[in-house]
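# Topology and contacts: notes
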Amino acid sequence: MERPSREILVIRPGAIGDTLLAFPLLSALQAASPLARLTLVGNAQVLPLARWLGVADQVEDYADLRWSALFAESGPGKDELCARLRLAERVICWLTDSTGVVRRTLAEAGVRLATVAPGRPPMGEPMHVTAYLAQTLGLPFDLATAENRCYRLPPAILEQEPRLFDTAPLVVHPGSGSPTKCWPASRFAAVISWAWEQGWPVLLLAGPADHEQLAAVVRALPSPGPNRIKVLIDLPLLKVATQIQRARCYLGNDSGLSHLAGLLGVPTVTLFGPTDPAVWRPLGPAVVTVRAQPLDQLAVEVVLQHIEQLLSAR
């Protein structure tokens, strides 16, 4: 089948969660322009997911040096980048452009439809990020509809990754990008012990920034017994997604993996402290956000109650 010649180019730098929160907007853009192909330029960790979840036809790594020419007034890479931008019918840049150089670059390239806007709403404005991104495009968008949408990995991808347990596990990601966003390790350990009492296996996840928090959780646990817990550390996001999609429930802090669990339709309990869930909560059909300031004031019993309520509603 011949690929459409029209292109919508979306440039969305940022962390894993920032990128995942744009997925409903990418789907809305595809629905509004079904004859165009959508190219996402963004975080390399998320790009394979964008392809397999069907929110982008093509992907490019924002860390590639040629994209740095967006912010250059001149130089050898500028002409090459302008030639690339000229191929797109519409270019959307969700990034900070305080000097206006990105807008000038798009104008020099002759881009017919261009949007340049910060990747998050103004400070102090309690608007969800995804709704804000839709507003920057003037795109009709219903956040409630986005919250009820579920993205699922195809069987072909799931079959490449073995099941780790005979029954669906509780998946726990105790880390985050900042220590202030992390619930105490001993509280996560208490939830894991409770899950074992229910007869559930537990999958612990950790990324590069989570090693210390993970070690603290493991130290706080009693001896688990055979095949009750497994730990995955620093795996590619697509591999992590295959395991999260098989979960009974997911528990985590405000982090990229919590956004992933929500989008995949997994019952998800996300714990918020300093960040505002009105702006940053994960989207998904089975997501509960719980906030406490400071986060160490959040009791284990409250979290267990939300897990039980989520699962009883299914």
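Preceding block: the structure.
Presented here is an overview of the structure given in this document. Since the structure is predicted, the reported quantities are computational estimates derived from the model, not experimental observations. (Residues numbered from 1 in each chain as written. Predicted model: local features only at pLDDT ≥ 70, side-chain atom pairs only at ≥ 80, totals over all residues. Heavy atoms only, no water.)

Running from N to C, helix 11 (residues 237-245) and helix 12 (residues 256-263) cross one another at 50°; their axes reach a closest spacing of 10 Å. With respect to helix 12, the axis of helix 11 lies oblique. As helix 11 runs across helix 12, the sense of the crossing is right-handed. Residues L237, V240, A241 and I244 of helix 11 lie in contact with helix 12, whose contacting residues are L257, L260 and A261. Considered class by class, the residues forming the contact of helix 11 with helix 12 number 7 nonpolar, no polar and no charged. (Axes fitted to C-alpha atoms, helices over the stretch in contact; angles between N-to-C directions. Helix = DSSP H or I, 4+ residues; strand = E, 2+ residues; numbered from the N terminus. Parallel < 35°, antiparallel > 145°, perpendicular 65-115°, else oblique. Left-handed = near helix turned anticlockwise from the far one by under 90°. Contact = heavy atoms within 4.5 Å. Nonpolar A, V, L, I, M, F, W, Y, C, P; charged D, E, K, R; others polar.)

On to the pairing of strand 7 (residues 202-206). For strand 7, the buried fraction is high: 5 of the 5 residues fall into the buried class. Neither face of strand 7 is left uncovered, since the one carrying V202, L204 and A206 and the one carrying L203 and L205 both have all their residues buried. Remark: the strand 6 (residues 170-173)/helix 9 (residues 185-197)/strand 7 crossover connection has right-handed handedness. Summarising the sheet, strand 7 and strand 8 (residues 229-233) pair through 5 bridges and their orientation is parallel. Paired with L205 across the bridge in strand 8 is L232. (Buried < 20%, exposed > 50% of the residue type's maximum accessible area, 1.4 Å probe, protein only. Right-handed = clockwise from strand over helix to strand, strands pointing away. Pairing = 2+ DSSP bridges.)

With an omega of -5°, the peptide bond running from Q293 to P294 counts as cis. Here P294 lies in the loop between strand 11 (287-291) and helix 14 (300-312). Residue D234 is not a glycine yet carries a positive backbone phi of 60°. The residue D234 is located in the loop between strand 8 and helix 11 in this model.

We now examine the layout of surface pockets. In this structure, the largest pocket spans a volume of roughly 670 Å³. Broken down by secondary-structure element, the contributors of at least two residues to the lining of the largest pocket are helix 1 (16-20), strand 7, strand 8, helix 11 and helix 12. Taken together, the residues of the lining of the largest pocket break down into 15 nonpolar, 11 polar and 6 charged. (1 Å grid on protein atoms, 1.4 Å probe; cavity = no way out; pocket = protein on both sides within 12 Å on 5 of 7 lines; lining within 4 Å. Points joined across faces, edges and corners; volume = space filled by probe spheres on them.)

Turning to the environment of R104, a few remarks are in order. Among the secondary structure elements, R104 is positioned in helix 5 (residues 101-109). Sequence separation between R104 and A286 is 182 residues; the distance between their C-alpha atoms is 43 Å.

Moving on, we get to the sheet that holds strand 6. Sheet architecture is open: 6 strands sit in the order 8-7-6-9-10-11, paired in parallel fashion. In this open sheet, the two edge strands, each paired with only one partner strand, are strand 8 and strand 11. Each neighbouring strand pair of the sheet contributes to a mean axis angle of 15°, computed without reference to strand direction. Bridging between strand 6 and strand 7 involves 3 bridges; their strand directions are parallel. Residue pairing in the sheet places V171 in a bridge with L203 of strand 7. Docked against the sheet, helix 9 engages strand 6, strand 7, strand 8, strand 9 (249-253) and strand 10 (268-272), running at close to 170° with respect to strand 6. Against the sheet, helix 11 contacts strand 6, strand 7, strand 8 and strand 9, and its axis sits at roughly 155° relative to strand 7.

Quick look at a nonpolar patch on the surface now. Side chains of V218, V231 and I233 sit close together on the surface and give an oily, nonpolar patch of about 220 Å² of accessible area. With respect to the secondary-structure elements, V218 resides in helix 10 (residues 211-220). (Patch = residues over 30% accessible without salt bridge, like charges linked within 9 Å, V, L, I, M, F, W, Y side chains within 5 Å. Areas by Shrake-Rupley, 256 points an atom, 1.4 Å probe, with all protein chains shown as cover. Salt bridge = Lys/Arg side-chain N within 4 Å of Asp/Glu carboxyl O.)

Looking now at the packing of aromatic side chains. One pass over the full model with this rule turns up 2 aromatic pairs. A centroid spacing of 5.1 Å and a plane angle of 80° characterise the contact between W183 and F188, whose relative ring orientation is edge-to-face. Each member of the pair, W183 together with F188, is buried. Pairing W194 with W200 gives two aromatic rings, centres 5.1 Å apart and planes at 85°, and the pair type is edge-to-face. Relative accessible area serves as the criterion here: at 12%, W194 is assigned to the buried category. (Phe/Tyr/Trp six-rings, centres within 6.5 Å; stacked < 30°, edge-to-face > 60°.)

Just distances and angles here, no functional claims.
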